Amino acid sequence: MKTTNRYTLNELSQLVELPTRTVRFYIQKSLLAAPEGSGRGAYYTQTHLERLLEIRKWQDAGLSLERIKELLFDEGDSKPLPPLKRQQPGDIEVCSHIHIDEGVSLTLNPSKAGLTPQQAKQLSMDVIELYERIIAKQ
């Protein structure tokens, strides 16, 4: 998917909630393509963002980087995807709580739901719009 979105390394890291060092490590391990351009003009695209979210999703499922690399670069659909890791006591999960109105909120874990940041934002906006329509009818 090619779009015109451009991100700096810091912006990309913030979007996926990963340290810049980790992003560079993934590039070094060929899990993520190098940025477009070079030097201070280097930038990352939507494709980089989506790849990082996919890597995070598989890491959250408990897969090793080697297994993630196999899944990312497997051309066929023949390999079954492993089940997601079951939650264990003490596991930490980062979720977004979107305030809709007093007493109404949406809890969202975009990476677990397989949503890109843009899809998560669209979902939030659609839920808010639906809520406002329901309230307006009363």
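In this text the structure is predicted, and so the values were computed from the model without any measurement.

What follows covers the pattern of salt bridges. A side chain of one charge can pair with a side chain of the opposite charge when the charged atoms of the two come close. By the definition in use, this model includes two salt bridges. E17 is paired through a salt bridge with R56; the nearest N and O atoms lie 3.9 Å apart. A residue pair is termed long-range when its members are at least 10 positions apart, and E17 in the loop between α1 (9-16) and α2 (20-28) and R56 in helix α3 (residues 46-60) qualify at 39 residues. On the accessibility criterion, R56 (14% relative accessible area) is buried. Among the ionic pairs, R67 bridges to E70, the shortest N-O distance being 2.9 Å. With R67 and E70 both in helix α4 (residues 65-73) and three residues apart, the pair spans about one turn of that helix. Exposure remark for E70: the relative accessible area of 41% places this residue in the partly exposed category.

In this section: the nonpolar core. Side chains of nonpolar character tend, in soluble globular proteins, to be buried together. Counting 21 residues, the largest nonpolar core has L12, Y26, L31, L52, I55 and I68 as its most contacted members. Of all the secondary-structure elements, those providing two or more residues to this core are α1, α2, α3 and α4. No other element matches the five residues that α3 contributes to this core. Excluding its chain neighbours within four sequence positions, the residues that come into contact with Y26 are L18, L31, L32, L52, I55, Q59 and L65. Within the second largest apolar cluster, five residues are counted, among which are I98, I100, L108 and A120.

What counts, and at which threshold
- Residues numbered from 1 in each chain as written.
- Predicted model: local features only at pLDDT ≥ 70, side-chain atom pairs only at ≥ 80, totals over all residues.
- Heavy atoms only, no water.
- Salt bridge = Lys/Arg side-chain N within 4 Å of Asp/Glu carboxyl O.
- Helix = DSSP H or I, 4+ residues; strand = E, 2+ residues; numbered from the N terminus.
- Buried < 20%, exposed > 50% of the residue type's maximum accessible area, 1.4 Å probe, protein only.
- Core = buried A, V, L, I, M, F, W, Y, C linked by side-chain atoms within 4.5 Å.
- Contact = heavy atoms within 4.5 Å.

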